[in-house]
Amino acid sequence: MSSARHVRQGLVLVLVAALSACAPLGSGADHPAPPSKLTQAQARHEYPAPPAPPERVPQGAPTAADAVRGFAIAYINWTAATVSARMRALAALSVGQARAAMELAAAQTAGDYELKRGGIANHGTVEAVAPLGSRRDQFVVVTRERTTATNSAAYAGLRPAWHVAVANAAQVAPGAWVVSRWQPQS
Amino acid sequence: MATVSAMLAQRTRHRVRSGTLVLIALLAGIGFVGIGPALFATLMSGNGSGGCGTGPAGSGTSIVLGAPGNGRLVGATEYGGPGDPSSGSTGARGDNLLAHPDTYAELGGLTWQTASAMGGLAYMTPLRVTSGERSAIAYKRDFGFGGGPVAGLPRVIDLWWQFAERLGIPYENGLWSGAIRIQRPPASGAANTLGQAAGADSALAPAPSRACTAALSGALTLTPGERARLLPGGLAAAPASAPSAVKAIIAAGNQIVGKPYVYGAAHGQPLSEVAPAYDCSSSVEHLLYGGRLLPVDYGAASSELESFGEPGSGRWLTLYASAAHVFMYVAGLRWDTHDAAGPGDGSQGIGWHPLVRSAAGFVARHPAGL
């Protein structure tokens, strides 16, 4: 009996201690505190990223097709020395996926040892920019390109080849179009 | 039978002209079973180069000689020319081969589909062909049945006589046979060179681009969504929707998972190679090189990575650097050294870690666009 009484007293003490450790009665039960960033991160295995900064473009083309054509011309004409800056400039003149893709290309080519060592360059012409279906903001772009290398024989003898990309344009202001998606298919 | 064997050893026509040749071809063709897939695999993985599969549209007649290529040694024959009138001068798709002398025929069958001794290359697929010290690009405009081995090598390719002549191969009225090297040239065009073409990620892409890092990856497991997943063996599965650079980074990490941590290890070694051991910065640099975010000879300590890329967190990759240590998150998985989050964090050696750790005292950086 004595032992059982001690057990009951112990349970009461534990309950009191637990209640006193909680938030004041009547508060917080309906509005639990949000988990800390660390707790969230441990659950999701990553830290939440800050919101993306707003994208601004200094200027746009008068039509969607013009924007896509201008983008394509810049995208396919570069040398190892200019490609990173060219991609950075394209990123600044585009939004959305196209901007992210160009930023990535700029970063990768800036440190691409093989690109520079080989003296790789790409040149070409935009042969066609045609609306895709009935959409006025999506186009198929056909280019004819040649890749060369001044310090490598890898491309020697390769002829110019046709390539295809699908592009989307977005209107950022009245009469100002920029490329929002650039998806090379080949 | 001896006549048949001698005939097969000497000569291959790219077209079957008679019932006799059909019979000969059928007899000889038995030897081709199984060659195609194996050679195809070799071509696809050879020397880290490849073509993008997009054929050229040009019609020039020049054959530009280049430096000798490497590639696979195969058996070849020649066809066409004045001593081989039965072959004519028109390709199987109607090309005038006299106007397109940079032509080869893939052997092994009686149709475009079955002539697959090199894996069934697409029409107009470029190949670098090397004979001795001469090398040039030829395009597939034809196919043929072929025959038995040449000098012990599988007979897989028929060279148009003018192309063979340009390589210094003596014209023997279409009867020449010998060993040459074939190799896929690098993918051309801006998108392939920059690793942005749609097919660049595909393991089945016939020709990875120059910038494609698939060669690093081996078989990279993909997982749906945007988060990498830790696999039971310590490797990471890459998010299916991640950019190719992220997948390549994860593949590079998988290459060295579990390597022992040794302070100062792997510095000074090209990042393209796998070292016996790594420290924090050399392992991170190996991964970043996998995504082609660092030059192959980069070997800085962790403190220099404090200025890597751009400040702050990235969507796919965030690197945390200080003067003493560096680690990073790639698609939600942490790449770090042994027990970096404290004893018992579940990790062993260098590799992927399931838990986050405090980033206090570290500078957060990320590559642009990632």
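Please read these numbers as outputs of a predicted model, since none were measured by experiment. (Residues numbered from 1 in each chain as written. Chains lettered and ligands numbered in written order. Predicted model: local features only at pLDDT ≥ 70, side-chain atom pairs only at ≥ 80, totals over all residues. Heavy atoms only, no water.)

1. Examining the overall build of chain B
Tallying secondary structure elements over chain B gives eight helices and 16 strands in all. Residue pairs at least 24 apart in sequence account for 65% of intrachain contacts in chain B once pairs closer than 6 positions are excluded. For chain B, the exposed surface amounts to about 14,000 Å²; the carbon and sulfur share of it is 57%. (Helix = DSSP H or I, 4+ residues; strand = E, 2+ residues; numbered from the N terminus. Contact = heavy atoms within 4.5 Å. Areas by Shrake-Rupley, 256 points an atom, 1.4 Å probe, with all protein chains shown as cover.)

2. What about the overall build of chain A?
Of the regular secondary structure elements, chain A holds six helices and five strands. Expressed as a percentage of the 186 residues in chain A, the buried residues total 35%. Only carbon and sulfur atoms are counted for the fraction: they give 61% of the accessible area of chain A, which is about 10,400 Å². (Buried < 20%, exposed > 50% of the residue type's maximum accessible area, 1.4 Å probe, protein only.)

3. A closer look at the nonpolar core
Counting 42 residues, the largest nonpolar core has Val68, Tyr75, Trp78, Met87, Met102, Val141 and Trp182 of chain A as its most contacted members. When residues in this core are grouped by element, the largest group, eight residues, is from helix α3 (residues 64-76) of chain A. Excluding residues that lie within four positions of it along the chain, Trp78 of chain A makes contacts with Val83, Met87, Leu115, Ile120, Ala121, Asn122 and His123 of chain A together with Ala190, Thr193 and Leu194 of chain B. Among the nonpolar cores identified, the runner-up in size contains 37 residues, and Ala238, Cys280, Leu293 and Trp335 of chain B belong to it. (Core = buried A, V, L, I, M, F, W, Y, C linked by side-chain atoms within 4.5 Å.)

4. Some details on the pattern of salt bridges
All names here are of chain B. What the rule picks out here adds up to six salt bridges over all chains. Here Arg315 makes a salt bridge to Glu226, at a shortest N to O gap of 2.5 Å. With a gap of 89 residues between them, Arg315 in the loop between β11 (310-311) and β12 (317-321) and Glu226 in the loop between β8 (222-223) and β9 (229-230) connect regions that are remote in the sequence. Exposure remark for Arg315: the relative accessible area of 56% places this residue in the exposed category. In this structure Glu226 comes out as partly exposed when scored by relative accessible area, which is 43%. (Salt bridge = Lys/Arg side-chain N within 4 Å of Asp/Glu carboxyl O.)

5. Notes on α3 of chain A
Relative to the 18 Å expected for 13 residues at 1.5 Å per residue, α3 of chain A spans 19 Å between its end C-alpha atoms, a close match to the ideal helical length. Considered for burial, the residues of α3 of chain A that qualify are Ala64, Ala67, Val68, Phe71, Ala72, Ala74, Tyr75 and Ile76 of chain A. (Expected span 1.5 Å × (residues − 1).)

6. Topic: the confidence of the model for chain A
All names here are of chain A. In this model, chain A carries a mean pLDDT of 81, and residues with pLDDT of at least 70 account for 74%. Of all the helices and strands in chain A, helix α1 (residues 2-21) carries the lowest mean pLDDT, 48, while α3 carries the highest, 97. Per-residue pLDDT stays below 50 along residues 11-29; that stretch engages in zero contacts with residues further than four places along the chain or on separate chains. (pLDDT = per-residue confidence, 0-100.)

7. Let's talk about the sheet that holds strand β16 (residues 363-366) of chain B
Residues and elements named next belong to chain B. The strand order across the open sheet formed by six strands is β11-β16-β12-β13-β14-β15, and the pairing between neighbours is antiparallel. The open sheet has two edge strands, β11 and β15 (351-353), and neither has a second partner. As defined by bridge partners, strand β14 (residues 333-336) adjoins β15 across three bridges and the pair is classed as antiparallel. Bridged to Arg334 within β15 is His353. Each of β12, β13 (326-330), β14 and β15 touches helix α7 (residues 244-256); the most contacted strand, β13, lies at about 125 degrees to it. Across the sheet, helix α8 (residues 280-290) lies against β12, β13, β14 and β15, angled at about 35 degrees from β13, the strand it touches most. (Pairing = 2+ DSSP bridges. Axes fitted to C-alpha atoms, helices over the stretch in contact; angles between N-to-C directions.)

8. Points about the environment of Leu115 of chain A
Its place among the elements puts Leu115 of chain A in helix α6 (residues 113-118). Once the C-alpha coordinates of Leu115 of chain A and Thr79 of chain A are considered, the two residues, 36 residues apart in sequence, prove to be 9.1 Å apart.

9. Focus on the pairing of strand β10 (residues 236-239) of chain B
All names here are of chain B. In the sheet, β8 pairs with β10 via two bridges, with the strands oriented parallel. Bridging across to β10, Thr223 finds its partner in Pro239. Both β9 and β10 contribute to a ladder of two bridges, which runs antiparallel. The residue of β10 that forms the bridge with Arg229 is Ala237. In textbook terms, the turn of a hairpin is the stretch between consecutive antiparallel strands, and for β9 and β10 this stretch comprises five residues, one of which, Gly234, has a positive phi near 95 degrees.

10. Things to note about the environment of Arg86 of chain A
All names here are of chain A. Along the polypeptide, Arg86 turns up in helix α4 (residues 83-92). Spatially, the C-alpha atom of Arg86 lies 8.9 Å from that of Met102, the residues being 16 residues apart in sequence. Setting aside residues up to four positions removed in sequence, Arg86 forms contacts with Ala74 and Asn77. Only 3.5 Å separates the side chain of Arg86 from the backbone oxygen of Ala74, close enough to count as a polar contact. (Polar contact = N/O pair within 3.5 Å; in protein donor to acceptor, adjacent residues only side chain to side chain.)

11. A short note on the confidence of the model for chain B
All names here are of chain B. When pLDDT is averaged across chain B, the result is 76; 72% of the residues are at 70 or more. Contacts for the low-pLDDT stretch residues 1-60, under 50 throughout, to residues beyond four places or in other chains number 143 contacts. Across residues 200-218 the pLDDT falls below 50, and counting only partners more than four positions away or on other chains, this stretch makes 43 contacts in the model.

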